[in-house]
Amino acid sequence: MTAVARPLIDIRDVRKQFRSRSGTFLEALSDTSLAVQAKQFLCIVGPSGCGKSTLLRMIAGLETVSGGTIEIDGVPILGPRRDIGLVFQSPVLLPWRTVLKNVLVPAEVLKLNSTSSQKRAHDLLKLVGLDGFADRYPDELSGGMKQRAAIARALMHDPDILLMDEPFGALDALTREAMNLELLRIWQASTKTVVLVTHSIEEALLLSDRVAVFAPRPGFVRELIDVPIARPRSAATRSDPVFIRLAEKLRSYFEADKDAGK
Ligand SMILES: Nc1ncnc2c1ncn2[C@@H]1O[C@H](COP(=O)(O)OP(=O)(O)O)[C@@H](O)[C@H]1O
Ligand SMILES: [Mg+2]
């Protein structure tokens, strides 16, 4: 028998306090513990303001913890790491650079070989369905295309971990559905570890192996729900009885939060 593998991302008793200008403290996260296994797709759902973005920024090394520890592969996080790719809610593309040049930013920052980076950037644009748009500028793209370019950029330096903060929140329902399936395809082709924050219960269930439900602020993981639905998944996955049952269960948490907030 082999022992249970050490989680790739290990979040233990993490707290986060922000200090306001007037000197008062706001507790964003309290005693948050969460383990993400390598190659797992984990979704975080929870009410607004419960610290989801803050947690992603702490995993990415862009924000310090006020207490507790976050380790990646057994190493505490001290700052930004190159094995992490980040996708924000609104795609932050540089307007004066073409799509190709935007995707190449991480390669330039990390001083990767330029010939192989060019090839990889073109391959990634193909992967996210943007071949033919390499020489366009961001303002020539739709919202969904910009977000796909941002995903290609996050994958440029081949990070093991992809952190995505409500990446499809601003998209219309149809584009969002198409992007969900596209992301599943990309994830299956690259087998990365993904942590994705979403407001959508359906999105969480369609994508993930496991859903972490956060409590209202100060947030913590109130429930971990495994999603034992076979892959590859498709639009038809939504009518799977397990999907429907889990969606009801997740919805009941949000209803309870709303009632508690009355
Ligand atoms: N840099 C900051 N300074 C002060 N307060 C912050 C800062 N970032 C987030 N907060 C506060 O922390 C709480 C959690 O924020 P956030 O992580 O963005 O929540 P979520 O992503 O779940 O909506 C909110 O109340 C927010 O206003
Ligand atoms: Mg957020």
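Look up a bit, the structure's there.
Right, let's walk through the structure included here. Note that the structure is predicted; figures quoted are calculated from it, not measured. (Residues numbered from 1 in each chain as written. Chains lettered and ligands numbered in written order. Predicted model: local features only at pLDDT ≥ 70, side-chain atom pairs only at ≥ 80, totals over all residues. Heavy atoms only, no water.)

Focus on the sheet that holds strand 8 (residues 193-197)
- Spatially, the six strands line up as an open sheet ordered 6-7-8-3-9-10, and their pairing is mixed. With one partner strand each, in any of the chains shown, strand 6 (84-87) and strand 10 (221-226) form the two edges of the open sheet. Strand after strand, the sheet turns through a mean of 15° between neighbouring axes, direction not considered.
- With five bridges connecting them, strand 7 (residues 161-165) and strand 8 associate as parallel partners. Opposite Leu 163, over in strand 8, you have Val 195 as the bridge partner.
- Along the sheet face, helix 1 (residues 52-59) touches strand 3 (41-45), strand 6, strand 7, strand 8 and strand 9 (210-214) and points at about 155° away from the line of strand 7. (Pairing = 2+ DSSP bridges. Helix = DSSP H or I, 4+ residues; strand = E, 2+ residues; numbered from the N terminus. Axes fitted to C-alpha atoms, helices over the stretch in contact; angles between N-to-C directions. Contact = heavy atoms within 4.5 Å.)

A look at helix 1
- Within helix 1, six of the eight residues are buried, which leaves it mostly tucked inside the rest of the structure.
- A positive phi of about 80° marks Gly 61, the residue just after helix 1. (Buried < 20%, exposed > 50% of the residue type's maximum accessible area, 1.4 Å probe, protein only.)

Comments concerning the packing of helix 5 (residues 143-155) against helix 6 (residues 173-190)
- At a minimum axis separation of 11 Å, helix 5 and helix 6 run at an interaxial angle of 20°. By the angle class used here, helix 5 and helix 6 are roughly parallel. Here helix 5 and helix 6 pass one another in a crossing that is right-handed. Residue-level contacts link Gly 144, Gln 147, Arg 148, Ile 151 and Leu 155 of helix 5 to Thr 175, Met 179, Glu 182 and Ile 186 of helix 6.
- In the contact of helix 5 with helix 6, the residues fall into four nonpolar, three polar and two charged. (Parallel < 35°, antiparallel > 145°, perpendicular 65-115°, else oblique. Left-handed = near helix turned anticlockwise from the far one by under 90°. Nonpolar A, V, L, I, M, F, W, Y, C, P; charged D, E, K, R; others polar.)

Section: unusual backbone geometry
- Each neighbour pair has its own omega, and for Arg 217 with Pro 218 the value is -5°, a cis peptide bond.
- With respect to the helices and strands, Pro 218 occurs in the loop between strand 9 and strand 10.
- Residue Arg 231 is joined to Pro 232 through a cis peptide bond whose omega torsion reads -5°.
- Relative to the elements of secondary structure, Pro 232 occurs in the loop between strand 10 and helix 8 (241-261).

Some details on the site of ligand 1
- Among the 13 residues in the neighbourhood of ligand 1, the closest are listed as Gly 49, Lys 52, Ser 53, Thr 54 and Arg 217.
- The contact in question runs from an oxygen atom of ligand 1 to an N or O atom on the side chain of Thr 54, over 2.5 Å.
- Between ligand 1 and Arg 217 there is a distance of 3.0 Å, counted from an oxygen atom to a side-chain nitrogen or oxygen.
- In isolation ligand 1 has 560 Å² of accessible area, and contact with the protein removes 64% of it.
- Here the shell around ligand 1 gets four residues from one element, more than from any other, and that element is helix 1.
- The residue inventory of the shell around ligand 1, partitioned by class, reads five nonpolar, five polar and three charged. (Near = heavy atom within 4 Å. Polar contact = N/O pair within 3.5 Å; in protein donor to acceptor, adjacent residues only side chain to side chain. Areas by Shrake-Rupley, 256 points an atom, 1.4 Å probe, with all protein chains shown as cover.)

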